[in-house]
Amino acid sequence: MTTVEPTGKVALITGASRGIGYGVAEALVARGDRVCITGRNEDALKEAVEQLGADRAIYVAGKAHDEAHQALAVERVMEAFGRVDHLVNNAGTNPVFGPVADLDLNVARKVFETNVISALGFAQKTWHAWQKDNGGTIVNIASVAGVAPSPFIAAYGVSKAALINLTQQLAHEFAPKVRVNSISPAVVKTKFAQALYEGREEEAAASYPLGRLGVPSDIGGATAFLTSEQSAWVTGQNLVVDGGIFLNAGVG
């Protein structure tokens, strides 16, 4: 087995006990980073840390929109590793399906609290704890639903559009020390997105030019790029990772 040379860099990844967040953690650990993962389920986080390697990963359980949890997560990273070079805001929720015409406003507030406000909170805290003086990167996991209307998941899409704009705002404010970008995946095969393809995966994948749905490692690879020196001149951008699905937009 090849030993990975440590990079000396540290990443905080929210919503990472499974799915896209875990795929990101895997990619960063594989290149030599150490990581702190967060999520609501402590048992799932413990299992994820065991898989990633207890010498390379720690966890902090809590709700992403809880400011006390945000502060604790950043504090734990600094205590354990002494730095937080990369922040990946992946935690998200989508408790409602359908258009916004009759959307319960309390549900809308919950979606924005988790998908947008929590990302801002984590960004503020990592900025003040380390990145303001030492630099780093932030990657916000958005969605293609934030790039174009998606009535089936309208509230989620509106929140992700806000997250993309927040990415641009942070990129402007945090430059030149910190690069901030977002990734907008199409449907990725996770428990979170199951309702979009369960029982009809072949049919769902047929409309993608690359012939398949995404998998967490697809987003992990994109995140690894945006948190590396290979993307040193990239900031304020939204990278669409969609298997080519947007190529169909102009087809009559």
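In what follows, the accompanying structure is described. Bear in mind the structure is a predicted one, so any value in this text is a computation, not a measurement. (Residues numbered from 1 in each chain as written. Predicted model: local features only at pLDDT ≥ 70, side-chain atom pairs only at ≥ 80, totals over all residues. Heavy atoms only, no water.)

One can describe the packing of helix α3 (residues 67-81) onto helix α4 (residues 105-134) by two numbers: an axis separation of 10 Å at closest approach and a directional angle of 35°. In the crossing of α3 with α4, the sense of the turn from one axis to the other is right-handed. On α4, the residues that touch E67, H69, Q70, A71, A73, V74 and M78 of α3 are S118, G121, F122, K125, T126, A129 and W130. Residues that form the contact of α3 with α4 fall into these classes: 7 nonpolar, 5 polar and 2 charged. (Axes fitted to C-alpha atoms, helices over the stretch in contact; angles between N-to-C directions. Helix = DSSP H or I, 4+ residues; strand = E, 2+ residues; numbered from the N terminus. Left-handed = near helix turned anticlockwise from the far one by under 90°. Contact = heavy atoms within 4.5 Å. Nonpolar A, V, L, I, M, F, W, Y, C, P; charged D, E, K, R; others polar.)

Moving on to the environment of Q168. Take Q168: it is sitting in helix α5 (residues 154-174). Distance in space between the C-alpha atoms of Q168 and F152 is 26 Å, their sequence separation being 16 residues.

Take the sheet that holds strand β4 (residues 86-89) next. The 7 strands lie next to each other as β3-β2-β1-β4-β5-β6-β7, forming an open sheet whose pairing is parallel. Each end of this open sheet is capped by a strand with a single partner; those strands are β3 (57-61) and β7 (238-241). Within the sheet, the average angular offset between the axes of one strand and its neighbour, ignoring direction, is 20°. Contacts from α3 reach β1 (10-13), β2 (34-39) and β3, with the element oriented near 160° to β3. α5 contacts β5 (136-141), β6 (178-185) and β7 of the sheet and is inclined by roughly 165° relative to β6. (Pairing = 2+ DSSP bridges.)

Next up on the list: the pairing of β1. Every second residue of β1 is oriented toward a common face, with V10 and L12 on one face and A11 and I13 on the other, all of them buried. Here β1 runs beside β2; their pairing, made up of 4 bridges, is parallel. Paired with V10 across the bridge in β2 is R34. Handedness of the crossover joining β1 and β2 through helix α1 (residues 19-30): right-handed. Two strands pair when backbone bridges link them, and β1 and β4 are joined in this way by 3 bridges, in the parallel orientation. Note on β4: the bridge partner recorded for L12 is L87. (Buried < 20%, exposed > 50% of the residue type's maximum accessible area, 1.4 Å probe, protein only. Right-handed = clockwise from strand over helix to strand, strands pointing away.)

On to unusual backbone geometry. With an omega dihedral of 0°, the bond running from A175 to P176 counts as a cis peptide bond. Along the chain, P176 falls in the loop between α5 and β6.

For any pair of aromatic rings, geometry is given as the distance between the ring centres together with the angle between the planes. Counted by the stated rule, this structure contains 2 aromatic pairs. Aromatic pair F97 and F152: ring centres 5.1 Å apart, planes at 35°, arrangement tilted. Residue F97 is located in the loop between β4 and α4, and its partner F152 is located in the loop between β5 and α5; the two are separated by 55 residues in the primary sequence. Here the aromatic rings of W127 and F174 are separated by 4.1 Å at their centres, their planes lie at 10°, and the arrangement is stacked. (Phe/Tyr/Trp six-rings, centres within 6.5 Å; stacked < 30°, edge-to-face > 60°.)

With that settled, the discussion passes to the side chain of S231. The residue S231 is located in the loop between α7 (216-226) and β7 in this model. Take S231: its relative accessible area is 1%, and that puts it in the buried class. Separated by 3.0 Å, the side chain of S231 and the backbone oxygen of S228 make a polar contact. For S231, the contacting residues outside a window of four places in its chain are R179, F225 and L226. (Polar contact = N/O pair within 3.5 Å; in protein donor to acceptor, adjacent residues only side chain to side chain.)

According to the stated counting rule, one finds 4 salt bridges in the structure shown. In this structure, D85 engages R83 in a salt bridge whose closest nitrogen and oxygen atoms are separated by 2.8 Å. Here D85 falls in the buried class, since its relative accessible area comes to 4%. Classification of R83 as partly exposed rests on a relative accessible area of 24%. The partner of R200 in a salt bridge is E203, with the nearest N and O atoms 3.8 Å apart. (Salt bridge = Lys/Arg side-chain N within 4 Å of Asp/Glu carboxyl O.)

If you check α3, its first and last C-alpha atoms are 21 Å apart, about what 15 residues at 1.5 Å a residue would give, namely 21 Å. When we look at burial in α3, the residues that qualify are H69, Q70, A73, V74, V77 and F81. Looking down the long axis of α3, one finds its buried residues gathered within 130° of arc, a one-sided arrangement. Residues of α3 that are exposed and point over 90 degrees away from its buried face: E67, A68 and E79. In this fold, the buried residues of α3 make contact with β1, β2, β3 and α4. At the N-terminal boundary of α3, the capping side chain belongs to D66, with an oxygen 3.0 Å from the backbone nitrogen of A68. Downstream of α3 by one or two residues, G82 has phi in the positive range, about 80°. (Expected span 1.5 Å × (residues − 1). Arc of directions from axis to C-beta.)

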